[in-house]
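# Examination of the molecular architecture
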Amino acid sequence: MTVTLRAATSDDLMAVGALHQRSRVAAYSSFLPPEALADPTPEAMGEYWTQRWTWERDSHRMTLAVRDDALAGFSYFGPDDEDGSDAGMLCAIHLAPAERGRGVGRELMSDALAGMRKRGWRRAVLWVLRDNLPARRFYERGGWQPTGTEQNEFIGTIQVPQLRYTLSL
């Protein structure tokens, strides 16, 4: 079946959180221990998105990919506060584990980049976990280039290095 894209609403955020948690576990379990991925729970992740949406819904856009009335994935983007007003930040693309490799990520990325261009941004940036090699290959196939900038993020109690990528729009 075909995937359709639609704008998220506040009613979607608990399902987004549950999908986000499943996506993290599936994508990160090859390089992070299970205890790092045990928290947050799907419910806590839904609450996280509900809170974040409250503060960012006017400046950010969340798009859902839906297949057969089930959430297949989502993207989230907004302004990049680090690099100035000409850049948008692709904050997230997460997929239901069964959707990996089915083109949903590419559709969500294309849609997000088109939304950034529409807002007048000339560049897109993102952070990706250094050890998430499938994600890095996905972005590099899409034309993204690493900038050489790194930072650390906590996932559970483990510090995980991230790499910054950029793409000209």
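My aim in this report is to walk through the structure given alongside it, one point at a time. (Residues numbered from 1 in each chain as written. Predicted model: local features only at pLDDT ≥ 70, side-chain atom pairs only at ≥ 80, totals over all residues. Heavy atoms only, no water.)

Okay, the overall build of the chain next. Along the chain, the regular secondary structure elements total 5 helices and 7 strands. Computed over C-alpha atoms, the radius of gyration of the chain comes to 15 Å, within 12% of the 15 Å expected from 2.2 N^0.38 for 169 residues, which places it in the range of a compact globule. The buried share of the chain, reckoned over its 169 residues, is 46%. Taking the intrachain contacts of the chain between residues at least 6 apart in sequence as the baseline, contacts between residues at least 24 apart amount to 63%. Total accessible area on the chain stands at roughly 8,800 Å², and carbon and sulfur atoms take up 50% of it. When the 20 basic and 22 acidic side-chain charges of the chain are each reduced to a single mean position, those positions are 7 Å apart. (Helix = DSSP H or I, 4+ residues; strand = E, 2+ residues; numbered from the N terminus. Rg over C-alpha atoms; globule rule 2.2 N^0.38 Å. Buried < 20%, exposed > 50% of the residue type's maximum accessible area, 1.4 Å probe, protein only. Contact = heavy atoms within 4.5 Å. Areas by Shrake-Rupley, 256 points an atom, 1.4 Å probe, with all protein chains shown as cover. Lys, Arg positive; Asp, Glu negative; His and termini not counted. Charge placed at Lys NZ, Arg CZ, Asp CG, Glu CD.)

It is worth spelling out unusual backbone geometry at this point. Note: most peptide bonds trans; most residues except glycine with negative phi. Of note, the bond from Asp39 into Pro40 is cis; its omega dihedral lies within 30 degrees of zero at -5°. With phi around 50°, Asp68 is a residue other than glycine that occupies positive phi space. With a phi close to 65°, Asp69 is a non-glycine residue in the positive phi region. The residue Asp69 is located in the loop between β2 (61–67) and β3 (70–79) in this model. By relative accessible area, which is 80% here, Asp69 ends up exposed.

So, about the nonpolar core. Counting residues in hydrophobic clusters, the biggest one holds 24 residues, and the most contacted among them are Leu90, Tyr139 and Trp144. A total of 6 residues in this core trace back to one element, the largest contributor, which is helix α4 (residues 104–118). Ignoring anything within four residues of it in the chain, the contact list for Tyr139 reads Leu90, Ile93, Met109, Leu126, Val128 and Trp144. Leu13, Val66, Ala92 and Ala96 belong to the second-largest nonpolar core, a separate cluster that totals 14 residues. (Core = buried A, V, L, I, M, F, W, Y, C linked by side-chain atoms within 4.5 Å.)

Before going further, it helps to examine the packing of helix α1 (residues 13–28) against helix α3 (residues 42–56). Their axes nearest at 7 Å, the elements α1 and α3 cross at an angle of 125°. With respect to each other, α1 and α3 are oriented oblique. Handedness of the α1/α3 crossing: right-handed. Along its contact with α1, which presents Leu13, Met14, Val16, Gly17, Ala18, His20, Gln21 and Arg24, the element α3 presents Pro42, Glu43, Met45, Gly46, Glu47, Trp49, Thr50 and Trp53. Across the contact of α1 with α3, the residue classes break down as 8 nonpolar, 5 polar and 3 charged. (Axes fitted to C-alpha atoms, helices over the stretch in contact; angles between N-to-C directions. Parallel < 35°, antiparallel > 145°, perpendicular 65-115°, else oblique. Left-handed = near helix turned anticlockwise from the far one by under 90°. Nonpolar A, V, L, I, M, F, W, Y, C, P; charged D, E, K, R; others polar.)

Another aspect to go through is the pairing of β2. Looking along a regular strand, one sees side chains alternate from face to face of the sheet. The element β2 is largely enclosed, with a buried count of 6 among its 7 residues. Judged from the 4 bridges that link them, strand β1 (residues 4–7) and β2 form a sheet pairing that is antiparallel. Each bridged residue has a counterpart across the sheet, and for Leu5 the counterpart in β2 is Ala65. Pairing between β2 and β3: 7 bridges, direction antiparallel. Residue pairing for β3: Val66 is matched across the bridge by Leu71. The hairpin formed by β2 and β3 contains 2 residues between the paired strands, and Asp68 there has a positive phi angle of roughly 50°. (Pairing = 2+ DSSP bridges.)

Moving on to the layout of surface pockets. The volume enclosed by the largest pocket comes to roughly 1,100 Å³. Lining of the largest pocket is provided by 44 residues; of these, Tyr28, Ala92, Ile93, His94 and Tyr139 occupy positions nearest its centre. Elements with a minimum of two residues in the lining of the largest pocket: α1, α3, β4 (87–95), α4, β5 (123–129), α5 (133–141) and β6 (145–155). Considering each element in turn, the lining of the largest pocket owes the most residues, 7 residues, to β4. Among the residues forming the lining of the largest pocket, the class breakdown is 23 nonpolar, 10 polar and 11 charged. (1 Å grid on protein atoms, 1.4 Å probe; cavity = no way out; pocket = protein on both sides within 12 Å on 5 of 7 lines; lining within 4 Å. Points joined across faces, edges and corners; volume = space filled by probe spheres on them.)

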